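Fold and contact review
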Amino acid sequence: MHRTARVALGVTPGQRRRCFGLLRSAGDVWACVLEVNAWRRRRRDVPLSGYQQLCRELSASGPGTFAELDTTGARSVLRRFSDAWFAAAKRRSAGDASARFPRRRRGLVPVRWYHGTFTLDARRVRIPTARGGAPLWVRLAREVPYPAEQIRSITLLCEGGRLFLDVTAEVPVVVYPPGEGPDPARVAGVDLGIIHPYAVAGPDGEALLVSGRAIRAEHRMHLADTKARRRAVARRAPKPGQKGSRRWRQYRRRARLVEGRHRRRVRQAQHEAARTVVSCAVEQRVGVLHVGDPRGVLDIPAGRRHNLRLRQWQIGRLLQVLTDKATLAGITVRLVDERGTSSTCPACRRRVPKPRGRTLSCPHCAFSGHRDLVAAASIATRVPGGGSTTPTAVVLPEVVTHRRAGRHLPGAGRSPRDPRRPPRAPRGSVGPRRPAPPTDGESLAPTARIHNTHRKPGER
């Protein structure tokens, strides 16, 4: 199984300039393919989409066309374009009219090199360049988490103005001692959500709740911070068609840095949540995870704000991260229909009104339980392609374990308070504390000064 780790690069100004030159040259390769296909469309010819056809066009261009970018890096861009084109064609043939072919230019395009074309020496990597150029050695910010013999490719990319290297390695599936590995007969249900990214109901009445409130707070605070920065620079923003000033470029650079940091924080929290679920499944020897597939709600228009919440939920990434980690642990993941699991009583099988909070209460049989765990227990009984029915009895959880995802986020766990939040208002009086009254009854308050200006009749 292939796994990828993202490692930051520590580069000098000259190395940074050369790395960005490689990314811009890859963008030039992408733009050339778009231009060639545009010419062919105007001539009513078939567009170039196959990888072999694109490689022949690249060979015809000659050496030195794309600066320091070598042939292997340029072919990785062609592979990326071909995969995107055929993926869009497959979606359109399936009836998805929203699928679009790759026709947008990109300034910076990631470049990939495969095993045998690069050199990895501890925390130093030699990135391949065109023939005749000086070797490009860069330093990694941390050690690669995989042995050198397992690494299959590296990908140079830019995120938020910073350079990273995606290291892909072929990791073997975990091997367990006899009698301790996952049992395919033991099935657990997983319900995906926003407040709880993963709610797991095991086969023995053990449940796991992973809280995602820190992730939701990170999304909200990032949105509020972005709006505040946009309001602050709205007056000095350049008009359409004008070049930005140095101050505006600095603002844009800062915005890209903040955006990249936000994405990395959320991605790490999602990986932590998925790792918690897989670790719990391994402890319970669960061999199959039935995961409710809620992606159908993305096609339902629910208003501007709720649509933003659904996009920030990132359902596809949660499913992908959980599937990768479960496969590495030897656990099978199956997607099932989750319709009606959060609004059906598991005891009497009747529909109940959707609760406002996390507790599901049945007015027919007086059943009460956690809404997400009830849904996960119902999902565990369903089979792929079986529809929205619960064929067998539901095993309700009896022992619930609570975990939190995103302890590294500002304001979560033992980390300091999020600096983007306004300071808390002080409680109680802001004046000096008065001392306690003495036991003899004498007051410590200063003596009052009485000004008697009232005169009796006849007095001057």
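In what follows, the accompanying structure is described.

**Section: the nonpolar core**
Membership of the largest hydrophobic core comes to 44 residues, with the highest contact counts inside it found for L69, L78, W113, I127 and L156. Formed by 33 residues, the second largest nonpolar core is a distinct cluster that contains V190, V266, A274 and L319.

**With respect to the pattern of salt bridges**
For side chains bearing opposite charge, pairing can occur when the charged atoms are close. The final tally for this structure, using the stated rule, is 14 salt bridges. The closest approach of N and O atoms between E159 and R6, which form a salt bridge, is 2.4 Å. You can see E159 sitting in strand β6 (residues 151-159) and its partner R6 sitting in strand β1 (residues 2-10), a full 153 residues away along the chain. The class of E159 is buried, set by a relative accessible area of 7%. Two residues, D96 and R91, come together in a salt bridge whose shortest N-O distance is 2.7 Å. When its relative accessible area of 26% is taken as the criterion, D96 is described as partly exposed.

**Let's talk about the packing of helix α4 (residues 213-232) against helix α5 (residues 246-283)**
Between α4 and α5, the shortest axis-to-axis distance is 10 Å and the interhelical angle comes to 175°. The angle between the axes of α4 and α5 places the two elements in the roughly antiparallel class. In this structure, α4 contributes I215, E218, H219, H222, D225, R229 and R230 to the contact, and α5 contributes Y251, A255, V258, E259, H262, R265, V266 and A269. Here the contact of α4 with α5 is composed, by residue class, of six nonpolar, three polar and six charged.

**Re the sheet that holds strand β11 (residues 286-292)**
Pairing in this open sheet of six strands is mixed, and the strands run β12-β11-β8-β9-β10-β15 from one edge to the other. Each edge of the open sheet carries a strand with a single partner, namely β12 (332-336) and β15 (399-404). Pairs of neighbouring strands in the sheet enclose a mean axial angle of 25°, with direction left out of account. Direction of pairing for β11 relative to β12: parallel, over a ladder of five bridges. When the bridges of β12 are listed, H290 appears paired with R334.

Reading the values: rules and limits
Residues numbered from 1 in each chain as written. Predicted model: local features only at pLDDT ≥ 70, side-chain atom pairs only at ≥ 80, totals over all residues. Heavy atoms only, no water. Core = buried A, V, L, I, M, F, W, Y, C linked by side-chain atoms within 4.5 Å. Buried < 20%, exposed > 50% of the residue type's maximum accessible area, 1.4 Å probe, protein only. Salt bridge = Lys/Arg side-chain N within 4 Å of Asp/Glu carboxyl O. Helix = DSSP H or I, 4+ residues; strand = E, 2+ residues; numbered from the N terminus. Axes fitted to C-alpha atoms, helices over the stretch in contact; angles between N-to-C directions. Parallel < 35°, antiparallel > 145°, perpendicular 65-115°, else oblique. Contact = heavy atoms within 4.5 Å. Nonpolar A, V, L, I, M, F, W, Y, C, P; charged D, E, K, R; others polar. Pairing = 2+ DSSP bridges.

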